[in-house]
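An overview of the molecular structure
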Amino acid sequence: MCSADTLSVLRSDSYVDLSQYRDQHFRGTRYDQERLLRKSCTLYVGNLSFYTTEEQIHELFGKSGDIKKVIMGLDKVKKTPCGFCFVEYYARGDAENAMRYINGTRLDDRIIRTDWDAGFKEGRQYGRGRSGGQVRDEYRQDYDAGRGGYGKNVQCQ
Amino acid sequence: MSRRRHSDDSDGQPHKRRRTSEPSEIEERLESLICRVGEKSNSSLESNLEGLAGVLEADLPNYKSKILRILCTVARLLPEKLTVYTTLVGLLNARNYNFGGEFVEAMIRQLKECLKVNMYNQAVHLVRFLSDLVNCHVIAAPSMVAMFENFVSVTQEEDVPQVRCDWYIFAFLSSLPWVGKELYEKKDAEMDRLLSQTESYLKRRLKTHVPMLQVWTADKPHPQEEGPVMPGSHSVERFVIEENLHCIIKSHWKERKTCAAQLLSYPGNNKIPLNYHIVEVIFAELFQLPSPPHIEVMYTTLLIELCKLQPGSLPQVLAQATEMLYMRLDTMNTTCVDRFINWFSHHLSNFQFRWSWEDWSDCLTQDLEKPKPKFVREVLEKCMRLSYHQRIIDLVPASFSVLSPANPVCMYKYADESNRSLPGYTVALCLTIAIKNKASNDEIFGILKDVPNPNQEDDDDEGFSFNPLKIEVFVQTLLHLAAKSFSHSFSALAKFHEVFKTLAESDEGKLHVLRVVYEVWKNHPQMIAVLVDKMIRTQIVDCAAVANWIFSSELAHDFTRFYIWEILHSTIRKMNKHVLKIHKELEDTKARLARQHKRRDSDDDDDDDDRSTDREDGPLEEQIERLQEKVESAQSEQKNLFLVIFQRFIMLLTEHLVRCETGGIDVFTPWYKSCIERLQQIFLQHHQIIQQYMVTLENLLFTAELDHHILAVFQQFCALQA
């Protein structure tokens, strides 16, 4: 009888599992990407308000451990925050706790979403939408005051 | 539906299916069946247990050892389902007497192993399980009594640590809710003897360490508030409910939704005010000293999940609990107040900061250093960090403005023309222009050369000795220019790292850099904290400098503020992590050398060429020697850090005590309570490291001449290991 035995029902850690999302711009195989995601200390954070500051992000995500770096996501054209960021921790365990306890809670009154990121590379701090922001803000139909109002295609009508 | 997820493809080979062997599939199925019994089902629990007992009995011939292992494991790891599994074992035992015997033997082996590897909590669960097996007719009452007689006899041992006796008595007592009645019915004389021996032990055991672990300094347990009737705070029912709720959290802490659901479906939830019990148990864990069982933020999110599941009732219970905790802040341990502040502000940020602040206007009439107004101040500051200044101003009633946080703006002393008479003003202007024009480190050095040193008559040629004015002008100007965001400031520190290192080369230099950082950012404690963190990590300042800065007279005004202690503990943690990291490097390198030896030994048994082996070992051995030195140096720095901290505490507290004594005033001011508890906090939060220094501490710092108030803290700490 080994005291280190555990039960699979207690091993469940679904908040830390990889999501279905894979960055299409990733350079490398799907296998490489997943290997990096599984040992990553970097989180992508989405659904931020455009007005959420690095300081607020630091305060919230600091609750799961020491933060190495916060990189704000920027509009490619305007170079202003466009509603996402990367949070890099020194330790994987701290990032896991963020996935378990900060993902799906509120920052600046908005429910934010975190996901594993394979690691920041220069250029990834920019939105990939045609107008410069994130893709999701191109096609959005609803009005979101914290994310520039209506989606870009609606605005251009 | 397949329960397999991404882990399928993580075996190192893309697109290759793992071949599953039959036996392990069966084992998984058995484990799943056993673990799931007791969960929500269309059939009754009794019929599910009967069914499962039948299945297991049929599998015993082929899978006995697996079934034994699984049952032992659930006994150890799912204590909240104790009675479900003891019943199952009872049913199996009725069908197959030999199996019952083998199970108990396996349990005893497991209990011994748990104790051997210091897994005391799991061992208690096993003892309880065995106790309940008496109720299921698997173990005879006299056998259980004999085991308990064994346990209680430990109190007669001489020269053993108190914690040893404590564990055995606890294991005995905490099993009684399940088996006490049965044992007393069968063996009343023996049980009376055990209880009286226990009572006499409890009377004579030392409680010196207790004040250090108390959340509240008030002696009596708090009277039951009006509201739903809960089992009395000392009742057995209360103990059992709370134990089970703690066990549920322990089982499901990683899965907050599951955890919340499991807590809310605790059996008997229509007979007890379950929401109240849950909230109490969660706060009990959050406030536990020295530290909570799980990371603090887990409890915040768990409570939010619970509010989502019970939106009509739980938020009100939580508000009530908050109110009660607020009422008792005067006697709450400072460390627990810290956690309360963090929890409450984070919680509010998920609910638009809605709170009836006016209910707390009693705190406005008190001295601002008292626990209640202090708490509100710190909460508002933390709320601001999660939102922004104006939001907080708009949030609180006007009367609370005295407690509102300062606008977190930078204070640049060379800001405008009116400051031009300040020494260094022109250099500051010059620097500003140069930095904006992307000057190099060398150019900066050039500009700073012209700054006179107010401390020295004759400047040495280099001009690199400690010059407080140089530091002031440079740091003020740079931080002001980089004030826009954390990232801007970090970039500035990185870009001008060389200048910083040179200016802060001496200990006085480091201290002064920290002072200037404080002067510039005293309205923005969060910024101070991240800058100090960065400066330690980039070795602009060291940990001892931060400790000395915190205890310096310039910071006396902020000494009791929460952010100061966050900075100090973060600094200590960095030091500790650094030592561990180098130690690991050393161990890894030693392992590499060992592997190299092994490879060589197995490769050429005949080859006796010593020279080539030496050559091979050389670089690694050198590395090991270097790392050994590094480890020693880091450990020495770590010890020095703690000594500095303790020394400064002793100085500060002694000063206060002497002043009070000569002035004839009461020692126990809010400042004193805060300070002495901060000292306790150092001991508790870093007890493992500090234990290495006991001899030094006893002989050097915490000697008999020390005021008894201060010495008591050290003695409490010593008692924790007695």
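Residues numbered from 1 in each chain as written. Chains lettered and ligands numbered in written order. Predicted model: local features only at pLDDT ≥ 70, side-chain atom pairs only at ≥ 80, totals over all residues. Heavy atoms only, no water.

1. Looking at the overall build of chain A
Scanning chain A from terminus to terminus reveals six helices and six strands. Each helix and strand of chain A, placed in order from N terminus to C terminus, yields the pattern α-α-β-α-β-β-α-β-β-β-α-α. When the backbone C-alpha atoms are referred to their principal axes, chain A occupies close to 70 × 35 × 30 Å. Partitioning the contacts of chain A with sequence separation of at least 6, the portion at a separation of at least 24 is 61%. Counting every atom, chain A has about 7,500 Å² of accessible surface; 51% of that belongs to carbon and sulfur. (Helix = DSSP H or I, 4+ residues; strand = E, 2+ residues; numbered from the N terminus. Contact = heavy atoms within 4.5 Å. Areas by Shrake-Rupley, 256 points an atom, 1.4 Å probe, with all protein chains shown as cover.)

2. Notes on the pattern of salt bridges
Per the counting criterion, the structure on display carries 52 salt bridges over all chains. Ionic pairing is found between Asp66 of chain A and Arg537 of chain B, a salt bridge with its closest N-O pair at 3.2 Å. Of this pair, Asp66 of chain A sits in the loop between helix H3 (54-61) and strand E2 (67-74) while Arg537 of chain B is found in helix H25 (residues 525-537), placing the two residues in two different chains. Asp66 of chain A sits in the buried class, given a relative accessible area of 18%. For Glu305 of chain B, the salt bridge identified is with Arg256 of chain B, shortest N-O distance 3.1 Å. With Glu305 of chain B in helix H14 (residues 296-309) and Arg256 of chain B in helix H12 (residues 256-264), this pair connects stretches of sequence that are 49 residues apart. Using a relative accessible area of 4% as the deciding quantity, one classes Glu305 of chain B as buried. For Arg256 of chain B, a relative accessible area of 3% translates into the label buried. (Salt bridge = Lys/Arg side-chain N within 4 Å of Asp/Glu carboxyl O. Buried < 20%, exposed > 50% of the residue type's maximum accessible area, 1.4 Å probe, protein only.)

3. A short note on the state of the cysteines
Residue and element names in this part refer to chain B. Counted by the stated rule, this structure contains zero disulfides over all chains. Of all cysteine sulfurs, the one in Cys114 lies closest to Cys72, which takes part in no disulfide; the gap is 9.9 Å. Cys72 gets classed as buried once you look at its relative accessible area, which sits at 0%. (Disulfide = S-S within 2.5 Å.)

4. Things to note about the UniProt feature "domain: RRM" (unreviewed entry) in chain A
If you check UniProt for "domain: RRM" (unreviewed entry), the listed places come out as residues 41-119 of chain A in our numbering. Taken end to end, residues 41-119 of chain A is 23% helix and 39% strand, and its first and last C-alpha atoms sit 8 Å apart. (UniProt positions renumbered as here; feature names shortened; annotations may be inferred.)

5. Notes on the nonpolar core
The biggest cluster of nonpolar side chains holds 190 residues, and the ones touching the most others in it are Phe61 of chain A together with Trp357, Phe375, Phe474, Trp549, Phe683 and Phe702 of chain B. By residue number, the principal contributor to this core is helix H28 (residues 610-663) of chain B, which donates 16 residues. If you look at the next biggest cluster of nonpolar residues, it comprises 68 residues, including Ile26, Ile34, Leu78 and Leu111 of chain B. (Core = buried A, V, L, I, M, F, W, Y, C linked by side-chain atoms within 4.5 Å.)

6. Structural notes on the interface of chain B and chain A
Contacts between the two partners involve 53 residues from chain B and, on the opposite side, 45 residues from chain A. Taken over both partners, the interface formed by chain B and chain A buries close to 4,500 Å², and the fraction arising from carbon and sulfur atoms is 48%. Salt-bridge contacts for Glu59 of chain A lead to Lys382 of chain B; the nearest nitrogen and oxygen are separated by 3.8 Å. Counting across the interface, chain B meets chain A through 21 residue pairs in polar contact (both at pLDDT 80 or more). Considering each element in turn, the side of chain B that touches chain A owes the most residues, six residues, to helix H2 (residues 45-77) of chain B. In terms of residue class, the side of chain B that touches chain A is made up of 17 nonpolar, 18 polar and 18 charged. (Buried area = accessible area lost by both parts, 1.4 Å probe. Polar contact = N/O pair within 3.5 Å; in protein donor to acceptor, adjacent residues only side chain to side chain. Nonpolar A, V, L, I, M, F, W, Y, C, P; charged D, E, K, R; others polar.)

7. Considerations on the sheet that holds strand E3 (residues 81-89) of chain A
Residues and elements named next belong to chain A. The four strands are arranged E2-E3-E1-E6 in an open sheet whose pairing can be described as antiparallel. For this open sheet the edge positions go to E2 and strand E6 (113-117), each flanked by a neighbour on one side alone. Taking the axes of each pair of neighbouring strands and ignoring which way they run, one obtains an average angle of 25° across the sheet. Where strand E1 (residues 42-46) lies against E3, four bridges are found, and the strand directions are antiparallel. Each bridged residue has a counterpart across the sheet, and for Leu43 the counterpart in E3 is Val87. (Pairing = 2+ DSSP bridges. Axes fitted to C-alpha atoms, helices over the stretch in contact; angles between N-to-C directions.)

8. Overview of the packing of H2 of chain B against helix H3 (residues 82-95) of chain B
Residues and elements named next belong to chain B. Interaxial distance between H2 and H3 falls to 8 Å at its minimum, and their mutual angle equals 80°. In terms of axis orientation, H2 runs roughly perpendicular to H3. Along its contact with H2, which presents Leu45, Leu49, Glu50, Leu52, Ala53, Gly54, Leu56, Glu57, Leu71 and Val74, the element H3 presents Val84, Tyr85, Thr87, Leu88, Val89, Leu91, Leu92 and Arg95. Among the residues forming the contact of H2 with H3, the class breakdown is 13 nonpolar, two polar and three charged. (Parallel < 35°, antiparallel > 145°, perpendicular 65-115°, else oblique.)

9. Considering the confidence of the model for chain B
Residue and element names in this part refer to chain B. Confidence along chain B averages 92 in pLDDT terms, with 93% of residues attaining 70 or more. Every residue in residues 1-16 scores below 50 in pLDDT, and together they form 19 contacts with partners more than four places removed in sequence or on other chains. For this predicted complex, the interface score ipTM comes out at 0.97, while the overall pTM is 0.92. (pLDDT = per-residue confidence, 0-100.)

10. Some details on unusual backbone geometry
Residue and element names in this part refer to chain B. Going from Leu289 to Pro290, the amide bond is cis rather than trans, its omega being 0°. Within the secondary structure, Pro290 sits in the loop between helix H13 (274-286) and H14. Even without glycine at this site, Asp159 takes up a positive phi of about 55°. Relative to the helices and strands, Asp159 is located in the loop between helix H6 (141-153) and helix H7 (162-173). With relative accessibility at 81%, the residue Asp159 sits in the exposed group. Despite not being glycine, Gln352 has its phi angle at roughly 50°, a positive value. Along the chain, Gln352 turns up in the loop between helix H16 (334-349) and helix H17 (371-386).

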